[in-house]
Structure formats: structure tokens, C-alpha cells
Amino acid sequence: MKNFKSHFVFNRSQQNGIFLLVGIIIALQLLYWFGAFSSSSENFDVYHEDLVKFQQQIDSSKLASTVKDTAKIFPFNPNFITDYKGYTLGMSVEEIDRLHAFRAGDKWINSAEEFQEVTKVSDSLLKVISVYFQFPEWVKSNRNSASNRNSVSRTASPGIASSVEKKDLNAATVEELMEVRGIGETLAGRIVNYRNKIGGFVSDLQLKDIYGLSFEVRNEVAANFTVKNAPEVRVLNINTATVLELANIPYINYELAREIVNYRLLHEQINSFEELAKIKDFPSEKIDRIALYLALK
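Residues numbered from 1 in each chain as written. Predicted model: local features only at pLDDT ≥ 70, side-chain atom pairs only at ≥ 80, totals over all residues. Heavy atoms only, no water.

J.: How should the packing of aromatic side chains be read in this particular structure?
T.: When we look at a pair of aromatic rings, we describe it by the centre distance and by the angle of the planes. The tally for this structure, following the rule as stated, stands at 5 aromatic pairs. Geometrically, the ring pair formed by Phe76 and Phe133 is edge-to-face, given 5.6 Å between the ring centres and 80° between the ring planes. A residue pair is termed long-range when its members are at least 10 positions apart, and Phe76 in the loop between α2 (12-71) and α3 (83-89) and Phe133 in the loop between α6 (123-129) and α7 (137-154) qualify at 57 residues. With a relative accessible area of 10%, Phe76 lands in the buried category. Residue Phe133 is classed as buried on the basis of its relative accessible area, which comes to 12%. Relative to Phe201, the ring of Tyr194 has its centre 6.3 Å away and its plane inclined at 35°; by these criteria the two rings are tilted. A residue is classified by how much of its surface remains accessible, and Tyr194, at 15% relative accessible area, is buried. Taken together, the aromatic side chains of Phe76, Phe115 and Phe133 make up a single cluster linked through ring pairs. Directly above the aromatic system of Phe76 lies the positively charged group of Lys85, at a separation of 4.6 Å from the ring centroid. (Phe/Tyr/Trp six-rings, centres within 6.5 Å; stacked < 30°, edge-to-face > 60°. Helix = DSSP H or I, 4+ residues; strand = E, 2+ residues; numbered from the N terminus. Buried < 20%, exposed > 50% of the residue type's maximum accessible area, 1.4 Å probe, protein only. Lys NZ or Arg CZ within 6 Å of the ring centre and 35° of its normal.)

So, in C-alpha cells, the structure goes:
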């Protein structure tokens, strides 16, 4: 035991050497540890920077995808723009409110010009979204008819008969109709057969329902014939008529009549003929003729 203790007996000089050696070892350990930490920290910073760049790329891709989806616009009727739809189109809250206030008065927008007049949207926004406006066919037909009527009135030729000189469309024979330029035996027969089917023309507008009768030929017929003796028609109140009564109208079958009544019950009443366009499978392009047999009150 005595010999064992002798191994741990050091003089002053040896003790100082041991302390110095331990100090060097500790210093080397600290240097190694801090060096490794610094290298690890640098590597982490590089890794973090790469991660941030990668995340930015992902975010950019998502944003591009979102913008692409948002920019995809399908044709729509501007009369039915909701708050959300207006927001996605780039309209301001004030512009959307102006549209809703206008529609609340049971008024309808029938052109891009009217849309801008009501909403006060900028020319640049109108140019972008107006190409997607989709109005009912009857609106476009009426617009074209008005344009052509103005054109005809400016360039009317002596060959066009006055309302007094025109023959009664409800009394016209196949032979008389064939005298009109562009009408042969087939078209003349269709006009007479359709007239008999509906019980007589109520308005010249019903010439639109003749299959194969082009706009130009229809104008030729209207230039020489008009409805002078219209049949007596019972005009139905669309808000009180039954399914069977509506089904007797030339343009409405039983299924459509039932859809109209269901819509009326759901919304309490129908306030305008244009509102009928919201009904599934409703022939919007024939609203002007259907209105000949219906009334709102």
C-alpha cells in the first residue's frame, strides 16, 4: 500500500507539469467542440437557406396555380353576379352593390354597355370580362331585330307594303306565301301547318318558330304579311295558372309547366318573364312568344 501511494507523490515541478497537460487537453477539447459546433451551425444555415428557397419555389408554384384557376372564367349572365363572383372578377364592393341595387328594382341588364352604365366599372375591366357575358338568345334576337328594323326603316324600298296593304298572315294560302322571295312549297306548307297547329298566329313574332325560315326570309314575309285577325287567346296569370293550364300553351309541355309551378311555389311568385330563364330546360329564346299567352298579374 505504501508502494502504491508512492506513485502519486509528485514534487512541485511535476504537479505544475500535470496541471499544464490537463489544461492543454481541456483547451484542445473545447477547441474541437466549438469548431465542430461552428461547422455544424454553418451547415445548418446552408441547409436552412436551401430549405427556404425550396419552400419559396413551392409557394410560387401554388400561387401560380391559384392565379391560373382564378383567371379561368366561363361564360355567365352578368345579371346573376354574386358578391363572390364579382370579387373574383375584380369588381369593387361599390360596383357590386350598384348592380344588386339595380336588379332589386326588377330591372335587367341586356348589354355590356348597360352593365358599365349601371356598375360604373372601368373600361379596362369591362374589356376583360365582357367577352364572357352570355345573355339569353331572345335578348340577342330582339337586339338584332331592333337593329335590322332601324336599318330597314332607313333603307326601305318602295316594294315593301304598308301595314294596310299587307295581307293577313292567318289567312295566307300556300300559293300566296310562295310568292315571297325565298319561300318554296315546303316552307309555305310549314307556315300553314304550324299556324293550324297553334290555332292561328297571335303575333308576327311567331314566324321565328318556323323551322328553316331564315331571318332574311322572315323579314320578306313580314314585309308582305302581318297578323290582322288574331285568334282570341286566354291570357293566363303565370302566378295562378295550374300545371294543366300552362301545359296548353304552345311552347310549354307538361314537364316544363310543372317546373314553372314548382319554381313559383319555391319563390312565392314570379316577378318577370326574364326570371323564367332560371328554370331548368326553359326555352329562354322563346320568352317573347311565350309572353303572348301569359301575364304576371
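Now that the structure has been shown, we can carry on.
J.: Honestly, the side chain of Arg264 in this entry has me stumped. Any pointers?
T.: With respect to the element layout, Arg264 can be found in helix α12 (residues 254-266). Separated by 2.9 Å, the side chain of Arg264 and the backbone oxygen of Ala241 make a polar contact. Once you skip the residues sitting within four places of it in the chain, Arg264 turns out to touch Ile238, Asn239, Thr240, Ala241, Gln269 and Ile270. (Polar contact = N/O pair within 3.5 Å; in protein donor to acceptor, adjacent residues only side chain to side chain. Contact = heavy atoms within 4.5 Å.)

J.: Would you take a moment to explain the confidence of the model for the protein for this structure?
T.: One rule of thumb: low pLDDT means the predicted coordinates there are not for detailed reading. Considering every residue of the protein, the mean pLDDT works out to 77; 74% of them sit at 70 or more. Element-level mean pLDDT values for the protein span from 50 in α7 up to 92 in helix α8 (residues 174-177). Here residues 149-160 is a poorly scored stretch, pLDDT under 50, and it has 2 contacts once near neighbours within four places are set aside; other chains count. (pLDDT = per-residue confidence, 0-100.)

J.: Got a minute to help me understand a nonpolar patch on the surface in this structure?
T.: Taken together, the side chains of Ile18, Val22, Ile26, Leu30, Trp33 and Phe34 define a hydrophobic patch exposed on the protein surface, amounting to about 590 Å² of accessible area. Inspection of the secondary structure assignment puts Ile26 in helix α2. (Patch = residues over 30% accessible without salt bridge, like charges linked within 9 Å, V, L, I, M, F, W, Y side chains within 5 Å. Areas by Shrake-Rupley, 256 points an atom, 1.4 Å probe, with all protein chains shown as cover. Salt bridge = Lys/Arg side-chain N within 4 Å of Asp/Glu carboxyl O.)

J.: I'm lost on the pattern of salt bridges in this one. Help?
T.: Side chains bearing opposite charge may pair, as long as their charged atoms lie close to each other. Scanning the model with the defined rule gives 7 salt bridges in all. The partner of Glu245 in a salt bridge is Arg234, and the shortest N-O contact between them spans 3.3 Å. Note that Glu245 is positioned in helix α11 (residues 243-247) and Arg234 in the loop between β2 (225-226) and β3 (236-237), a separation of 11 residues in sequence. On the accessibility criterion, Glu245 (24% relative accessible area) is partly exposed. Residues participating in the shared-partner salt-bridge network are Lys208, Asp209, Asp288 and Arg289.

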